[in-house]
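# A look at the structure
The primary structure of each chain is shown beneath.
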Amino acid sequence: QVQPVESGGGLVQAGGSLRLSCAASGRTFSTYTMAWFRQAPGKEREFVAAIILTWSGGSTYYADSVKGRFTISRDNAKNMVHLQMNSLKPEDSAVYYCAARTDRPAELTSRHAYNYWGQGTQVTVSS
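From a predicted model like this one, the values you see are computed outputs, not experimental measurements.

This part covers the pattern of salt bridges. By the definition in use, this model includes five salt bridges. Two residues, R38 and E46, come together in a salt bridge whose shortest N-O distance is 2.6 Å. Overall, the relative accessible area of 37% leaves E46 in the partly exposed class. A salt bridge links D92 to R38, with the nearest nitrogen and oxygen atoms 2.9 Å apart. In this pair, D92 is assigned in the loop between strand 8 (80–85) and strand 9 (94–101) and R38 in strand 4 (residues 33–39), connecting sequence segments 54 residues apart. What makes R38 buried here is its relative accessible area of 7%. What you see here is one network of salt bridges that share partners, running through R38, E46, R69 and D92.

Conventions we followed
The residue count restarts for each chain, going from 1 along the sequence in the order it is written. A pLDDT threshold of at least 70 governs which residues receive local features in this predicted model, and a stricter bar of 80 or more applies before side-chain atom pairs are shown or counted, although totals over entire chains, interfaces and linings include all residues. The side-chain numbers reported here are obtained from all heavy atoms of the structure, hydrogens and water having been left aside. Definition used for salt bridges: Asp or Glu carboxyl oxygen within 4 Å of a side-chain nitrogen of Lys or Arg. Relative accessibility under 20% of the residue-type maximum defines a buried residue, over 50% an exposed one, and the middle range a partly exposed one, all with a 1.4 Å probe and only protein chains included. Secondary structure is summarised from DSSP: a helix means a run of H or I of at least four residues, a strand means a run of E of at least two, and numbering begins at the N terminus for each.

Right, dumping it as structure tokens:
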């Protein structure tokens, strides 16, 4: 059973930074595809970033809206994945969810591809 647990959300001013963390159980965590999604009030849950295991080590993927500002990383020794968020904007305000899948999905950016979800952590960016 994989149960992601997020931490690190909060309130920050526009232009500031936050780092989200997600702890996930599992003996083969290093092979999991890990992702972050977010959901703002009245909107659908959207893809933010993902990190997968590849033969060369790992690959990362980002939504266009966060590319260059957010960085996803993983610490396999600690079964954790992080999302470093810089240059935050008010439109980044949302509940951020950590998602996991024990293999590589065909569609990394689809919320339907992930089997396991955390409870979410609120990120609020004030203008």
